[in-house]
There are 2 protein chains.
Amino acid sequence: MPGQTSRPATITDVAARAGVSVPTVSRVLTGAARVSPDKRRLVEAAISELRFRPSAAARVLASRRSQVIAVIAGETSRYGYAETIRGVEEAARAVGYTVMITVVESADQDELDRAMSATLSQPIAGVIVLKFDPPGVAALHRVPADLPVVALSGVREKNIAQAVLDETRAAEELTAFLLGLGHATVHHVRVPPSRREDGRTTGWRRALRKAGAEVITPYDATWEPRSGRAIGHEIAADASVSAVFCGNDEIAMGVVRGLNDQGLRVPEDVSVVGFDNHPLAEMWSPALTTVEQDFAGMGRRGFDLLAQLVNGEDGRTFSSERPRLLVRDSAAAPAPQRG
Amino acid sequence: MPGQTSRPATITDVAARAGVSVPTVSRVLTGAARVSPDKRRLVEAAISELRFRPSAAARVLASRRSQVIAVIAGETSRYGYAETIRGVEEAARAVGYTVMITVVESADQDELDRAMSATLSQPIAGVIVLKFDPPGVAALHRVPADLPVVALSGVREKNIAQAVLDETRAAEELTAFLLGLGHATVHHVRVPPSRREDGRTTGWRRALRKAGAEVITPYDATWEPRSGRAIGHEIAADASVSAVFCGNDEIAMGVVRGLNDQGLRVPEDVSVVGFDNHPLAEMWSPALTTVEQDFAGMGRRGFDLLAQLVNGEDGRTFSSERPRLLVRDSAAAPAPQRG
DNA sequence: CTGAAAGCGCTAACAA
DNA sequence: TTGTTAGCGCTTTCAG
């Protein structure tokens, strides 16, 4: 008998073919109740013969439960973002969840709502927000209260489940390391901050204060490595700079390049350190001293937190990890003729 | 009157509040039919007072249409992958679609089906497959026939809608450029290929054949820059190598670094070129000669193709773009003492 | 232009 | 253990 139309099989088709009722098929699908071995076998056979795939939409509607989570982020392709998302996806996939990506480009209310509404009207079990930047911060505050939420970031926030990387402590440690090398102070190149001040800047400032070193206004970079290069040119012209802490490795590479453009050598003339341990940081010449950040791990921890919330288990609502200092070749004692 | 429970408002609530029937609310939601201005106003007021968001699940179930597409990929965070996904997401968001990410780590049938079934049971309008690697290729062949599909890649395939970047032509051009500089032949470092041979390798071979140059077996790198560095060490030991074409910029940076480790200079001793125009390629010393690949653009074009299929419009089913050669500083005429 | 009625494919009580 | 009966929240006929 030919002519089966290619309409996807439904649970009703399966039930008919297996000679059982629809709920029985549902039972073998969900495992919610016991089914006799022979009926189960019949149902399973029917399922595979018909290539039946249950409709998630119908399922969600009837059960009010979903196996999808949304990740809301200001970007998706820069190193830290991409790795974090990768971690979330991995952890989600391991337990049968799918992840939906929502990019929020602006912190503007209307634009935000427009971007989010498409996602929020989807049947999602929960939301993970990458609170890395202003759009992320804004998005966090517009997630409906009835939806489980986890924020991922470098800075702690009250009353919200959160997985963080303790950037503040790590930045403090890195800055102290530079000071320990003998530098009078450490200059700072910021990446775009999520609020007034990010953890890296706070840690840097704290280390300088503790050491009684002068706190010089940071340079502001964009996410583009070439903005670091331009700052490198500025720094080269300022003989008082002997050590520079950059908000991330890509900017650090730009700064090194900018310094080199002007004939300065790293670390002989100026020490430069980065943050994140980007895959290319160790390939760079000189290999970058930096801080290793386990973004994927944070993503995984974030998903675990969310899964807890979704399942109504209690447990920790906060997960923090301390990034690790990676001493390589881009920092050394200050040159006598500079600083 | 307090005590509204926080149960999300449904279309029925809105209808009641606006004093109209449910279908009328539906009409203003979908715009499928004309509604008198006053009723429309009433409905809109009720919607915003109740903070009503239509349930996508119910909508999909009733209308059999979805505003979600799935992206299936072997990875998500390496440069080309991340940028491609970014392009798809951008184009999708612009027209109110949401994207779901599915990572397929292996080409193994069972593992693939497991990874894909979670996504395929979701109500999706179509699928975009990143056919960049073996898992991607395998995934493409397991997408149900009734689902609109677009493949994204560097190599053309029959009978399937596809957006590509013409890597073969670009690689040929790049190799010819090196040959034109006076190199007797060009060595090649491959990145993990999606099948037997990727477009970059094919283009390289073609250029060598046309020029009558010797075709030497390529080195095989992984996606990790450090694998390039190890290959750089090998190349340094082989004085016959004067020009190297690397499968991507990250590997090229590794190779340059490996060459430098052994005291060789680029491009004075050996010319090295990459592929992709990674954001750090121009920061590198020397700035990398490479090929600019518009991955995000390919992602966008892919989505547009998919949207066509979903909407049942006819039109082009293939979209190709030619990457652009970017001459910078990492390639020069061969050194007399090598090659 | 509008409402009544039916049904999308599934799960959740409830009996049997 | 199994089937029957009701919906989940929406869109889609079909009348009017």
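Owing to the predicted nature of the structure, the values given are computational and were not obtained by experimental measurement.

Caption draft 1: Expanded view of the protein's contact with DNA strand C. Looking at DNA strand C, there are 28 residues lining it, with Ile11, Ser26 and Arg59 of chain A together with Arg27 and Ser36 of chain B nearest. Counting only the atoms of DNA strand C within 4 Å of the protein, the fraction contributed by sugar and phosphate is 70%. Within the side chain of Arg27 of chain A, a nitrogen or oxygen atom sits 3.4 Å from a base nitrogen of DNA strand C. In this structure, a base oxygen belonging to DNA strand C sits 3.4 Å away from a main-chain N or O atom of Leu61 of chain B. Looking at the surface near DNA strand C, the elements that each hand over two or more residues are helix H2 (22–30) and helix H4 (56–63) of chain A together with helix H2 (22–30) and helix H4 (56–63) of chain B.

Caption draft 2: The protein's contact with DNA strand D, seen in detail. Near DNA strand D there are 27 residues, and of these Arg27, Arg34 and Ser36 of chain A together with Ile11 and Ser26 of chain B occur at the shortest range. Sugar and phosphate atoms represent 68% of those atoms of DNA strand D found within 4 Å of the protein. At 2.5 Å, a side-chain N or O of Arg34 of chain A approaches a phosphate oxygen of DNA strand D. Between a phosphate oxygen of DNA strand D and a side-chain N or O atom of Arg65 of chain B, the distance comes to 2.6 Å. For the surface near DNA strand D, the secondary structure elements donating two or more residues are H2 and H4 of chain A together with H2 and H4 of chain B. Grouping the constituent residues of the surface near DNA strand D by class yields 12 nonpolar, 8 polar and 7 charged.

Caption draft 3: Region of interest: the sheet that holds strand E6 (residues 187–190) of chain B. Residue and element names in this part refer to chain B. Overall, parallel pairing links the 4 strands, which are arranged E7-E6-E8-E9 in an open sheet. Each of the sheet's edge strands pairs with one partner strand only, and the pair in question is strand E7 (219–220) and strand E9 (271–273). Note that strand E8 (residues 243–246) and E9 share 3 bridges and pair parallel. Among the inter-strand pairings, Phe245 is bridged to a residue of E9, identified as Val273.

Caption draft 4: Quick peek at the relation of the copies chain A and chain B. Once turned by 180° and shifted 0.1 Å along the axis, chain A lies on chain B with an RMSD of 0.1 Å. As the rotation angle and translation indicate, the two copies are arranged about a two-fold axis. Looking at chain A, 100% of its interface residues are interface residues in chain B too, so the copies touch through the same face.

Caption draft 5: Expanded view of the packing of aromatic side chains. Following the criterion strictly, the structure yields 13 aromatic pairs over all chains and no others. Relative to Trp223 of chain A, the ring of Tyr81 of chain A has its centre 6.1 Å away and its plane inclined at 80°; by these criteria the two rings are edge-to-face. Placement of the pair is Tyr81 of chain A in helix H5 (residues 79–94) and Trp223 of chain A in the loop between strand E7 (219–220) and helix H10 (225–236), with a sequence separation of 142 residues. The class for Tyr81 of chain A is buried, based on a relative accessible area of 3%. Aromatic pair Tyr79 of chain B and Phe295 of chain B: ring centres 6.0 Å apart, planes at 90°, arrangement edge-to-face. Linking Tyr79 of chain B in helix H5 (residues 79–94) with Phe295 of chain B in helix H12 (residues 295–310), this pair joins segments that are 216 residues apart in sequence. Considered together, Tyr79 of chain B and Phe295 of chain B belong to a single accessibility category, that of buried residues. One aromatic cluster in this structure is built from Tyr79, Tyr81, Phe132, Trp223 and Phe295 of chain A. The lysine or arginine in question, Arg156 of chain A, covers the ring of Phe318 of chain A, its NZ or CZ lying 3.6 Å from the ring centre.

Caption draft 6: Inspection of the pattern of salt bridges at higher detail. Residues and elements named next belong to chain A. Tallying each qualifying case throughout the model produces 45 salt bridges over all chains. Note that Glu172 and Arg206 form a salt bridge whose closest N and O atoms lie 3.9 Å from each other. You can see Glu172 sitting in helix H8 (residues 167–180) and its partner Arg206 sitting in helix H9 (residues 199–211), a full 34 residues away along the chain. Note on Arg206: relative accessible area 37%, which makes it partly exposed.

Caption draft 7: Spatial organisation of the sheet that holds strand E3 (residues 126–130) of chain B. If you trace the 12 strands from one edge of the open sheet to the other, you get E11(A)-E5(A)-E4(A)-E3(A)-E1(A)-E2(A)-E2(B)-E1(B)-E3(B)-E4(B)-E5(B)-E11(B), paired in mixed fashion. Since the sheet does not close on itself, it has two edges, and those belong to strand E11 (318–321) of chain A together with strand E11 (318–321) of chain B, each with one partner. Neighbouring strand axes in the sheet, compared pairwise and without regard to direction, differ in orientation by 20° on average. Packed on one face of the sheet, helix H12 (residues 295–310) of chain A meets strand E1 (68–73), strand E3 (126–130), strand E4 (149–153), strand E5 (161–165) and E11 of chain A and runs near 170° to E5 of chain A.

Caption draft 8: Region of the structure containing the pairing of E8 of chain B. Residue and element names in this part refer to chain B. Both faces of E8 are covered, namely the face carrying Ala243 and Phe245 and the face carrying Val244 and Cys246. When E6 meets E8, the two strands line up parallel, connected through 3 bridges. Following the sheet pairing, His187 is matched in E8 by Val244. A crossover connection joins E8 to the parallel E9 through helix H11 (residues 249–261); in handedness this β-α-β unit is right-handed.

Caption draft 9: Local environment of the interface of chain A and chain B. Contacts between chain A and chain B engage 52 residues on the former and 52 residues on the latter. When chain A packs against chain B, the two sides together hide about 4,300 Å² of surface, and 59% of this comes from carbon and sulfur. Per-residue buried area on chain A facing chain B is highest for Arg53, Leu280 and Met283 of chain A; these three make up 15% of the total on that side. Taken together, the links from chain A to chain B amount to 4 salt bridges. Salt-bridge contacts for Glu282 of chain A lead to Arg226 of chain B; the nearest nitrogen and oxygen are separated by 2.5 Å. Put simply, the parts of the chain that give the side of chain A that touches chain B at least two residues each are H4, H5, strand E2 (98–103), helix H6 (109–120), H10 and helix H11 (249–261) of chain A. Split into classes, the residues belonging to the side of chain A that touches chain B amount to 26 nonpolar, 13 polar and 13 charged. Pairing geometry for E2 of chain A and strand E2 (residues 98–103) of chain B, over 3 bridges, is antiparallel. Opposite Val99 of chain A, over in E2 of chain B, you have Ile101 of chain B as the bridge partner.

Caption draft 10: Expanded view of unusual backbone geometry. Residues and elements named next belong to chain A. With an omega of 5°, the peptide bond between Val266 and Pro267 qualifies as cis. With respect to the helices, strands and loops of the structure, Pro267 is situated in the loop between H11 and strand E9 (271–273). Unlike most non-glycine residues, Arg64 shows phi in positive territory, near 60°. Looking at the secondary structure, you find Arg64 in the loop between H4 and E1.

Caption draft 11: Summary view of the domain arrangement of chain A. Domain assignment breaks chain A into domain 1 (1–54) and domain 2 (167–293). Relative placement of domain 1 of chain A and domain 2 of chain A: their C-alpha centres are 61 Å apart.

The rules we used
Counting restarts for each chain, with residues numbered from 1 along the sequence as it is written. For this description, chains carry letters from A and ligands carry numbers from 1, given in the order in which they are written. Whole-chain, interface and lining totals are the exception, using all residues; otherwise, since this is a predicted model, local features are given only for residues with pLDDT of at least 70 and side-chain atom pairs are given and counted only at 80 or more. Side-chain figures throughout are based on the complete set of non-hydrogen atoms in the structure, without hydrogens or water. Residues are labelled near a given molecule or strand when at least one of their non-hydrogen atoms is within 4 Å of it. Throughout this description, a polar contact denotes any pair of N or O atoms lying within 3.5 Å of each other; where both atoms belong to protein, one of them has to be capable of donating a hydrogen while the other can accept it, and for residues adjacent in sequence the pair is counted only when both atoms sit in side chains. A run of H or I in DSSP counts as a helix once it spans at least four residues, and a run of E counts as a strand once it spans at least two, with each numbered from the N terminus. Residues are grouped as follows: Ala, Val, Leu, Ile, Met, Phe, Trp, Tyr, Cys and Pro are nonpolar; Asp, Glu, Lys and Arg are charged; all remaining types, including Gly, are polar. At least two bridges found by DSSP between two strands are what make those strands a pair. The copies were overlaid with a least-squares fit restricted to C-alpha atoms from residues scoring a pLDDT of at least 70 in each copy. What makes two residues a contact is simply this: any of their non-hydrogen atoms within 4.5 Å. Side-chain rings of Phe, Tyr and Trp, where Trp is taken by its six-membered ring, are said to pair if the distance between their centres is within 6.5 Å; with planes under 30 degrees apart they count as stacked, over 60 as edge-to-face, and otherwise as tilted. The buried label applies to any residue whose accessible area, calculated with a 1.4 Å probe on protein chains only, is under 20% of its type's maximum; exposed applies above 50%, and partly exposed to all values in between. Any Lys NZ or Arg CZ found within 6 Å of a ring centre and within 35 degrees of that ring's normal is scored as a charge over the ring. Every case where a carboxyl oxygen of Asp or Glu lies within 4 Å of a side-chain nitrogen of Lys or Arg is listed as a salt bridge. Angles shown run from 0 to 180 degrees and are taken between the N-to-C directions of axes, each axis being a line fitted to C-alpha atoms and, for helices, limited to the stretch in contact. When the strands point away from the viewer and the connection leading from the first strand across the helix to the second strand turns clockwise, the crossover is called right-handed. Here the buried area means the combined drop in accessible surface, using a 1.4 Å probe, for two parts upon being joined, counting both sides. Domain ranges listed in this record stem from an automatic or a database domain assignment.

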